[in-house]
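Chain residues, written in single-letter form:
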Amino acid sequence: MPVVDLRSDTVTRPTPAMREAMARAEVGDDVFGDDPTVNVLQERIAALLGKEAALFVPSGTQSNLLAIMSHCARGDEYIVGQRAHTYGWEGGGAAVLGSVQPQPLEHAPDGSLPLEAVEAAIKPDDAHFARTRLLCLENTIGGKVLPLDYLDAACALARRRGLASHLDGARLFNAAVALGGDAREQARRIAAPFDSVSVCFSKGLGAPVGSALVGSRELIARAHRWRKMVGGGMRQAGVIAAGALHALEHHVDRLADDHRLARRLAEGLARVPGFRVDAPQTNIVFADVQGPAAAGLIEQLKAAGVLATGLYKLRFVTHLDVDEAGIDRAIAAVAAVVGGAPAAAAPVASPAASSARVPD
Ligand SMILES: *Cc1c(COP(=O)(O)O)cnc(C)c1O
């Protein structure tokens with residue numbers, strides 16, 4: 001029996017069609033700006049998200065770092081969520097490499113940063129304080145989709161107070177698909193109020209490597225310098241850019257399948273005694289487990305061929321390489337490990353604030 005790997009949507013392998021597109025990719029030296037496939041990808045993702053320019057980078061961490069370093073200078077600060085990747089999961093890079101300090105804020109239960117709290121955190125112009133320069137949001141955040149009118153209002157507040165705005169949209173296309181309608185239009189709509197947006201090709205889109213930062217030509221020119229400095233200048237990167245292009249073309253709309261499987265998993269887990277499951281909005285399912293079932297559960301599931309993550313909560317992520325049969329096996333394995341067969345309908349709990357500390 002193959003393992004059902006629900007640790008992250010980063011675990012996907014390139015499909016045969018994607019590998020073929022990568023093998024056929026036209027390449028050049030991208031440090032000279034000569035790689036035609038990288039250039040096409042950058043033009044395409046910039047146009048898709050309604051921005052002037054884009055930069056292809058090896059990882060989402062680097063994309064966010066370049067964004068923060070391009071918006072802020074030494075001694076500046078960015079406002080960010082306590083649970084945001086750009087605060088807690090990037091090795092403190094903005095502070096270490098950029099000399100830019102984070103000002104973390106608590107999230108509301110829906111994942112947003114309350115606007116009153118954002119406004120209150122903007123420092124006055126005073127030599128005691130770091131200069132508040134940037135608002136960083138994340139969408140999806142813990143699998144939750146931030147409302148469009150919230151994004152508009154947050155960016156309007158930032159602009160009014162002289163701050164730039166950056167969106168960590170590692171899973172932006174999951175948010176776009178969850179909103180319904182044309183996914184590309186929704187992606188552009190989500191990106192619209194932000195000065196810069198980072199998107200990952202290596203999460204739900206299923207490419208092996210790569211992210212892009214999009215924004216104005218001027219901002220991307222600054223980011224390009226920082227990319228070189230941090231060692232992100234790649235040479236015949238068209239090979240991996242081709243995987244990202246293939247993903248953009250073929251793997252956006254199918255994210256709806258991942259969301260459907262996440263709901264199936266949540267409903268199944270909610271029937272397991274001791275499980276309290278947050279109703280998933282996209283491809284991430286969080287579950288609280290009470291009682292003796294909780295101890296060693298991740299290890300026991302691993303022995304049963306189901307991989308999950310989580311410290312305070314269990315986390316399962318659906319993706320391109322898991323199907324309905326895999327989800328049903330995961331539910332059965334959890335039920336077996338916990339020791340009770342799935343019982344009759346227990347409701348899936350409504351989404352709640354998640355304290356989960358889990359990787360990517
Ligand atoms: C995965 C992820 C990133 C970037 O991760 P890399 O592993 O560096 O590509 C950034 N933000 C969020 C929200 C993520 O989930």
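Now for a quick tour of the structure. Remember, predicted model here, so these are calculated numbers, not experimental data. (Residues numbered from 1 in each chain as written. Predicted model: local features only at pLDDT ≥ 70, side-chain atom pairs only at ≥ 80, totals over all residues. Heavy atoms only, no water.)

1. Notes on the environment of Asp321
Right, so step 1: By the secondary structure assignment, Asp321 is in the loop between strand 12 (314-317) and helix 14 (324-338).
Right, so step 2: Sequence separation between Asp321 and Thr10 is 311 residues; the distance between their C-alpha atoms is 10 Å.
Right, so step 3: Residue contacts for Asp321: discarding those within four places in its chain leaves Val11, Thr12 and Arg13.
Right, so step 4: From its side chain, Asp321 meets the backbone nitrogen of Arg13 in a polar contact 2.9 Å long. (Helix = DSSP H or I, 4+ residues; strand = E, 2+ residues; numbered from the N terminus. Contact = heavy atoms within 4.5 Å. Polar contact = N/O pair within 3.5 Å; in protein donor to acceptor, adjacent residues only side chain to side chain.)

2. With respect to the sheet that holds strand 9 (residues 275-277)
Right, so step 1: Strand order across the open sheet formed by three strands is 9-10-12, with antiparallel pairing between neighbours. On the outer flanks of this sheet lie strand 9 and strand 12, each paired with one strand and no other. Direction aside, the axes of adjacent strands within the sheet are offset by 30° on average.
Right, so step 2: Judged from the three bridges that link them, strand 9 and strand 10 (residues 284-289) form a sheet pairing that is antiparallel. When the sheet's bridge partners are listed, Val277 is paired in strand 10 with Ala287.
Right, so step 3: Against the sheet, helix 12 (residues 255-270) engages strand 9, strand 10 and strand 12, with an angle of about 150° to strand 9. (Pairing = 2+ DSSP bridges. Axes fitted to C-alpha atoms, helices over the stretch in contact; angles between N-to-C directions.)

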